[in-house]
Amino acid sequence: MAIPILLYSDSREKLKFAKNTSRIDSLFQSPQVIEETNISGKARLSGYIDRYNFLKPYCKEALIILSSENKIVIDKYRVVLINKSNYKDFDGIIRDWMKSAHYLGLVFSKASPEHLSYFLGVDTK
């Protein structure tokens with residue numbers, strides 16, 4: 001569920017300003033003001049379902065490869081990194097991507113798989 005969010009620049013931009021206390025609802029539900037116009041927070045997830053369905057087979061393959069190379073462990077509905085990285089150890093655009101992924105991980109960890117599926121509008125089964 002994370003890759004389609006990270007691949008969308010508007011979502012990454014929103015995640016760069018997330019906090020440790022942010023939740024998926026607070027990040028992507030609350031409206032934003034862009035050029036003096038109120039925009040739905042969910043606009044930051046625009047096209048999510050299409051990206052999710054397109055990327056799903058590739059993400060499954062990537063999980064199998066990462067697991068077989070002992071880079072991750074799959075624990076129920078969670079993917080756990082074996083060697084963790086800190087986004088602060090990177091610079092420039094890589095740091096922005098890593099920071100977005102970091103905060104998305106924190107946001108996802110606070111929600112149940114059922115709530116994430118409902119909020120994002122996908123069936124993960």
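Placed above this text is the structure.
Think of each chain on its own: its residues are numbered from 1, step by step along the sequence as written. The predicted origin of the model limits local features to residues at a pLDDT of at least 70 and limits the giving and counting of side-chain atom pairs to 80 or more, whereas totals for whole chains, interfaces and linings rest on all residues. Where side-chain values are given, they derive from all heavy atoms of the structure, hydrogens and water being excluded.

Asks: Pulling in residues and values, what's your account of the side chain of Ser11?
Replies: Secondary structure elements follow DSSP: runs of H or I of four or more residues count as helices, runs of E of two or more count as strands, with numbering from the N terminus. Along the chain, Ser11 turns up in helix H2 (residues 9-15). Beyond its immediate stretch of four places on either side in the chain, Ser11 contacts Ile5, Phe28, Arg44 and Leu45. In what follows, residue pairs with any heavy atoms lying within 4.5 Å of each other are defined as contacts.

Asks: So what's going on with the pattern of salt bridges? Residues and values would help.
Replies: A side-chain nitrogen of Lys or Arg and a carboxyl oxygen of Asp or Glu constitute a salt bridge if their distance falls within 4 Å. Across all of its chains, the model carries two salt bridges by this definition. Notably, a salt bridge pairs Glu13 with Lys16, separated by 3.3 Å at the nearest N-O pair. Its salt-bridge partner being Lys16, residue Asp96 comes within 3.8 Å of it at the nearest N-O pair. Here the residue Asp96 occupies a position in helix H5 (residues 92-109), and Lys16 occupies one in the loop between H2 and helix H3 (24-28), the gap between them amounting to 80 residues. For every residue, the accessible area obtained with a 1.4 Å probe (protein chains only) is divided by the maximum for its type, and the residue is called buried under 20%, exposed over 50%, and partly exposed between those limits. Take Asp96: its relative accessible area is 30%, and that puts it in the partly exposed class. On the accessibility criterion, Lys16 (21% relative accessible area) is partly exposed.

Asks: Which residues make up the packing of aromatic side chains, and what are the values?
Replies: Between rings of Phe, Tyr and Trp, where Trp is taken as its six-membered ring, a pair exists when centres lie within 6.5 Å; planes separated by under 30 degrees are stacked, by over 60 edge-to-face, and by other angles tilted. Under the definition given, this model contains three aromatic pairs. Ring centres 5.7 Å apart and planes at 50° place the aromatic pair Phe54 and Tyr58 in the tilted group. Of this pair, Phe54 and Tyr58 both sit in helix H4 (residues 48-68), four residues apart, which is roughly one turn of that helix. In this structure, Arg12 packs its charged tip against the face of Trp97, placed 4.1 Å from the ring centre. Two conditions define a charge sitting above a ring: the NZ of Lys or the CZ of Arg must be within 6 Å of the ring centre, and it must be within 35 degrees of the ring normal.

Asks: Summarise the pairing of strand S3 (residues 72-75); cite the residues concerned and give the values.
Replies: The pairing criterion is simple: DSSP has to find at least two bridges between the two strands. Relative to strand S4 (residues 78-81), S3 runs antiparallel, the two sharing four bridges. Bridge pairing in S4 places Ile74 opposite Val79. Count of turn residues in the S3/S4 antiparallel hairpin: two residues, of which Lys76 carries a positive phi of about 55°.

Asks: How would you sum up H4? Please name residues and give values.
Replies: Since one α-helical turn is 3.6 residues long, residues separated by three or four positions face the same way. The span expected for a helix works out to 1.5 Å for each residue beyond the first. If you check H4, its first and last C-alpha atoms are 28 Å apart, about what 21 residues at 1.5 Å a residue would give, namely 30 Å. Bend is the name given here to the angle between axes fitted to two runs of seven residues, the run ending at a residue and the run starting at it. Along H4, the helix axis deviates most sharply at Lys56, where the bend reaches about 50°; the proline Pro57 sits within four residues downstream. The complete set of buried residues in H4 reads Tyr48, Arg51, Tyr52 and Leu55. Phi for Asn70, located one or two positions after H4, is positive at around 55°.

Asks: Can you break down the side chain of Ser100 residue by residue, with the values?
Replies: Tracing the chain through its elements places Ser100 in helix H5. Not counting the four nearest positions on each side in its chain, Ser100 is found in contact with Leu6, Arg12, Leu15 and Lys16.

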